[in-house]
Amino acid sequence: MKQELSTPETNLSKENGAILVITLVLVLVITLAVLALMYLTRNDVLISSNMAVQSAAQEATDQGVTAANTSLQTLPDWPEITSPGSWYLPLPTNANGPTRPTVPPASFWSSCTGTTCASIPIQYGSFNFNVQYVMYPAGALATQVGGNEQNQTGTGPGVQSIRYYVVYVHTSRTNGGGLGVTVQAILRKVQ
């Protein structure tokens, strides 16, 4: 029986192979961890960017509601009497007569021109928006004159006529990207 003596050189060569395998496994694990981190970071950046655009669009929409209210309040009379232009429309009708206004579909806003709604550009931060609005009489079920709710009617000192209007404001990015925001608000005009 012949015994081989183990020398330090033969043990060292066997260990070099194991160290190489362990090193490759560790490099693979670290690479996968870095790729996962890059993926999660990219998604977080996209989510943050979308939230920033959505927040800016909501702020621009609020400015659109303010612009619609200003347009309504600066009229010397009721919009249905003065026919102020494209941003005011009469109550929609069907076979049974006038109906309540409903949110315009997306196709309305995409084809909205100066003759069917008001359109104003608004810059909020680094974002540019196209804000459009259209207004209808409220068509409420209380005492109505010309399709508008009136809280008080009559003549004499201290008597005010109050009419309510429904405004739909739509905001979209001017470059066409991102989500559009549409809100409904009730505006009041007192005379």
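Look a little higher up for the structure.
Residues numbered from 1 in each chain as written. Predicted model: local features only at pLDDT ≥ 70, side-chain atom pairs only at ≥ 80, totals over all residues. Heavy atoms only, no water.

J.: Describe a nonpolar patch on the surface, and please don't skip the residues or the numbers.
T.: On the surface, a cluster of nonpolar side chains totalling about 600 Å² of accessible area is made up of L28, I30, L32, V34, L35 and M38. In this structure, M38 sits in helix α1 (residues 8–73). (Patch = residues over 30% accessible without salt bridge, like charges linked within 9 Å, V, L, I, M, F, W, Y side chains within 5 Å. Areas by Shrake-Rupley, 256 points an atom, 1.4 Å probe, with all protein chains shown as cover. Salt bridge = Lys/Arg side-chain N within 4 Å of Asp/Glu carboxyl O. Helix = DSSP H or I, 4+ residues; strand = E, 2+ residues; numbered from the N terminus.)

J.: Give me the lowdown on the nonpolar core, citing residues and values where you can.
T.: Among the nonpolar cores identified, the biggest contains 25 residues, and W87, F129, Y133, M135, V167, V169 and L187 are the most heavily contacted of them. Of all the elements in the fold, those that place two or more residues in this core are α1, β3 (118–124), β4 (127–137), β7 (162–173) and β8 (181–190). Here this core gets 7 residues from one element, more than from any other, and that element is α1. Each residue touching V167, except ones within four places of it in the same chain, is listed here: A68, Y133, V134, M135, V183, Q184, A185 and L187. (Core = buried A, V, L, I, M, F, W, Y, C linked by side-chain atoms within 4.5 Å. Buried < 20%, exposed > 50% of the residue type's maximum accessible area, 1.4 Å probe, protein only. Contact = heavy atoms within 4.5 Å.)

J.: Kindly report on the sheet that holds β4, identifying the contributing residues and their values.
T.: The pairing of strands in a sheet happens through backbone hydrogen bonds and is either parallel or antiparallel. In spatial order, the strands read β3-β4-β7-β8; together these 4 strands make up an open sheet with antiparallel pairing. This sheet does not close on itself; its edge strands, each paired only once, are β3 and β8. With strand direction ignored, the average angle separating the axes of adjacent strands in the sheet is 30 degrees. (Pairing = 2+ DSSP bridges. Axes fitted to C-alpha atoms, helices over the stretch in contact; angles between N-to-C directions.)

J.: Explain the side chain of Q132 to me, and be specific about the residues and the numbers.
T.: Mapping Q132 onto the fold places it in strand β4. Engagement of the side chain of Q132 in a polar contact is seen with the backbone oxygen of W109, the distance being 3.4 Å. When near neighbours in sequence (up to four residues on either side) are disregarded, Q132 contacts W109, C112, C117, A118, S119, Y168, V169 and H170. (Polar contact = N/O pair within 3.5 Å; in protein donor to acceptor, adjacent residues only side chain to side chain.)

J.: Explain the environment of I122 residue by residue, including any values.
T.: In this fold, I122 is placed in strand β3. A relative accessible area of 9% means that I122 is categorised as buried. When the C-alpha positions of I122 and R173 are compared, they lie 9.6 Å apart, and in sequence the two are 51 residues distant. If we ignore the near neighbours within four places in the chain, the residues touching I122 are A60, Q63, G64, F127, N128, F129 and V131.

J.: Please provide a residue-by-residue account of the side chain of K189, values included.
T.: Along the chain, K189 falls in strand β8. The side chain of K189 sits in the buried core without any salt bridge; D77 is the nearest counter-charge, 7.1 Å away. (Lys, Arg positive; Asp, Glu negative; His and termini not counted.)

J.: Provide a residue-level description of the state of the cysteines, including the pertinent values.
T.: Evaluation of the coordinates by the stated rule reveals 1 disulfide. Across the disulfide, C112 is cross-linked to C117 (sulfur-sulfur distance 1.4 Å). Taking the sign of the S-S torsion, about -105 degrees here, the bridge from C112 to C117 comes out left-handed. Of the two residues, C112 and C117, neither departs from the other in class, the shared state being buried. (Disulfide = S-S within 2.5 Å.)

J.: Got a sec to walk through the environment of I120? Specific residues and values, please.
T.: Looking at where I120 falls in the secondary structure, it is placed in strand β3. Separated by 53 residues in sequence, I120 and A67 place their C-alpha atoms 8.8 Å apart. Among residues more than four places away in sequence, those in contact with I120 are G64, A67, F129, N130 and V131.

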